[in-house]
Amino acid sequence: MSVIAVGSFLPPPPPYRRIKPRFTTMVSLRSDAVSVAETSSILRKLKEECATPLPVLRQVADAMSADMRAGLAAAHGLPMIPSFVEDLPTGNEKGLFYALDLGGTNFRVLRVQLGGKDERVVATDFDQVSIPPQLMSATCEELFDFIALGLAKLAAKDDDRLNLSPGKKGEIGFTFSFPVRQTSIDSGILVKWTKGFAVSGAAGRDVVACLNEAMERQGLDMRVSALVNDAVATLAGAEYWDNDVAVAIILGTGTNACYVEQIDAIPKLQGHVSSSGKMIISTEWGAFSKRLPLTEFDRAMDAASINPGEQIFEKTISGMYLGEIVRLVLLEMAATGELFGKSIPENLYTPFILGTPDLCAMQQDNSGDLQGVGSLLYDKARVESTFSARKTVLEVCDTIVKRGGSLAGAGIVGILQKMEEDSKGVIFGKRTVVAIDGGLYENYPQYRTYMQDSVKELIGSEKSNNLVIEHSKDGSGIGAALLAASNSMYKHDF
């Protein structure tokens, strides 16, 4: 069995309430046949409630399109956040540009030498640094000083291939994947921290101003030319190499989607003048919640989370949550169906004891007795399992993963439908590329297959011949540097 890593899935930020199964009192006289029947009943009901036949997928795709339109018009539907990225890279960009990517417990710093149409990306260099846990709850100044120091160290490295032109200020594309209320290409107010961060003094402030102040304290003569999230940066990075890219998706620990929209189709930006007539819109589709096939286990997980009633789509399709849903199902099966014997394994009560990488590893077990599944269950949850129990565990994993991948595909089609409805033929009448990044998509083959099958089923074989779903690995780093170039104060020199 090969164990496949699925990126870095973060543990849930505290507090997370301990969920008990519905029935925890074991009936000592119950026969094995009754226990098996109850386990089968739970599995059958789970499969029914998670099913994603074509009519369900169509409803989800249609609801996604409708929520996008509502969000573009007003404060209803999806957030549909304008990125103020109006000019995508053309390939003419030249010079040295930096990218700073802060989206979780690691941050990356890149510098990229661009050589125009002929040479494109001449050279790159990068550092990846882990954020010390104490800085995740430190002050705004302490966190941004640490980030600026990492930037200064990379900038000070000697490399003959990477040179800043004399007299020019270093320019940065800042990928900041936390909720931001953006007002221009180079400014945005932090709404709140997520992903376990609780940095004081930053919420309500312009994060670009926070970084600028830290760079000044480090003596760095640089400026942020573009503030973006990872989905927007991924779209820019992919479109640099392929002009047919129209949509970008992040499928990892969390999820988001963005696409290129016409300015005149954004009522809430009425009066805004765009040089290109277009703008990338960050849908924030994790907040979507309409027409989704949900179960009691989804509702229990949501109720126990730090944001009940929010991010329902994300909780159904992203890597942060798939393993936890499976744990809750197995806990119920252990309690009412004696899946793992007469007692409930104590470790199964521990939230997030099973991660999505564990589901992926179990689904890659091709051994006849599923011993790899058994070993993982024991290592993670101290669960002793029979062959029959291991087969049931795999069925639970597949049910949750199939639903997640299929719904992600329906979401993608919802975006494409909305774009096609506005301009007939702009999507389905020509080659269109959807760029996807994230460890969940990259490393979980079953999830990826279910997502792709869902897209093809919804749009049909003929239209799907024009649609390319492309992996854009680490595209957000180069993309951020390219957006710094596209919005450079020196772009007239290209």
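Being a predicted model, the structure only gives us computed values, none of them experimental. Residue positions are given per chain, counting from 1 as you read along its sequence in written order. Two thresholds apply to this predicted model, a pLDDT of at least 70 for residue-level local features and 80 or more for giving and counting side-chain atom pairs, whereas whole-chain, interface and lining totals are computed over all residues. Only hydrogens and water are set aside when side-chain values are computed; all heavy atoms of the structure are taken into account.

Student: What is the right way to read the pairing of strand E3 (residues 106-115) from this model?
Tutor: Consecutive side chains of a regular strand alternate in pointing toward one face of the sheet and then the other. Throughout this description, buried means an accessible area under 20% of the type-specific maximum (1.4 Å probe, protein chains only), exposed means over 50%, and partly exposed covers the range between. Only runs of H or I of at least four residues qualify as helices and only runs of E of at least two qualify as strands under DSSP, and these elements are numbered from the N terminus. Taken across its ten residues, E3 has nine buried, putting it largely inside the fold. The criterion for strand pairing is that DSSP finds at least two bridges linking the strands in question. Where strand E2 (residues 94-102) and E3 come together, nine bridges link them in antiparallel fashion. Bridge assignment links Leu 100 to a residue of E3, and that residue is Val 109. Here E2 folds back onto E3, and the loop between the two strands holds three residues. The pairing of E3 with strand E4 (residues 121-130) spans nine bridges and is classified as antiparallel.

Student: Honestly, the sheet that holds strand E1 (residues 81-82) in this entry has me stumped. Any pointers?
Tutor: Taken in spatial order, the six strands line up as E1-E11-E10-E9-E12-E13 in an open sheet, and their pairing is mixed. Both outer strands of the open sheet, E1 and strand E13 (467-471), are each paired with one neighbouring strand and no more. Examined bridge by bridge, E1 and strand E11 (residues 278-282) share two bridges and lie antiparallel to one another. Pairing of Ile 81 across the sheet is with Ser 282, part of E11. Contact definition: two residues touch when any of their heavy atoms are within 4.5 Å. To obtain each axis, a line is fitted to C-alpha atoms, and for helices this fit is confined to the stretch in contact; angles are then taken between N-to-C directions over 0 to 180 degrees. Strands strand E9 (245-251), strand E10 (255-262), E11 and strand E12 (432-437) of the sheet are contacted by helix H6 (residues 230-241), whose axis makes an angle of about 135 degrees with E9.

Student: Teacher, can you tell me more about the pairing of E10 here?
Tutor: Among the eight residues that make up E10, seven are buried, leaving the element largely enclosed by the rest of the structure. For E9 and E10, the ladder comprises five bridges, and the chain directions are antiparallel. Directly across from Ile 250, in E10, lies its bridge partner Asn 256. Once E9 ends, the chain turns through three residues before running back antiparallel as E10. Summarising the sheet, E10 and E11 pair through five bridges and their orientation is antiparallel. Residue pairing in the sheet places Cys 258 in a bridge with Ser 282 of E11.

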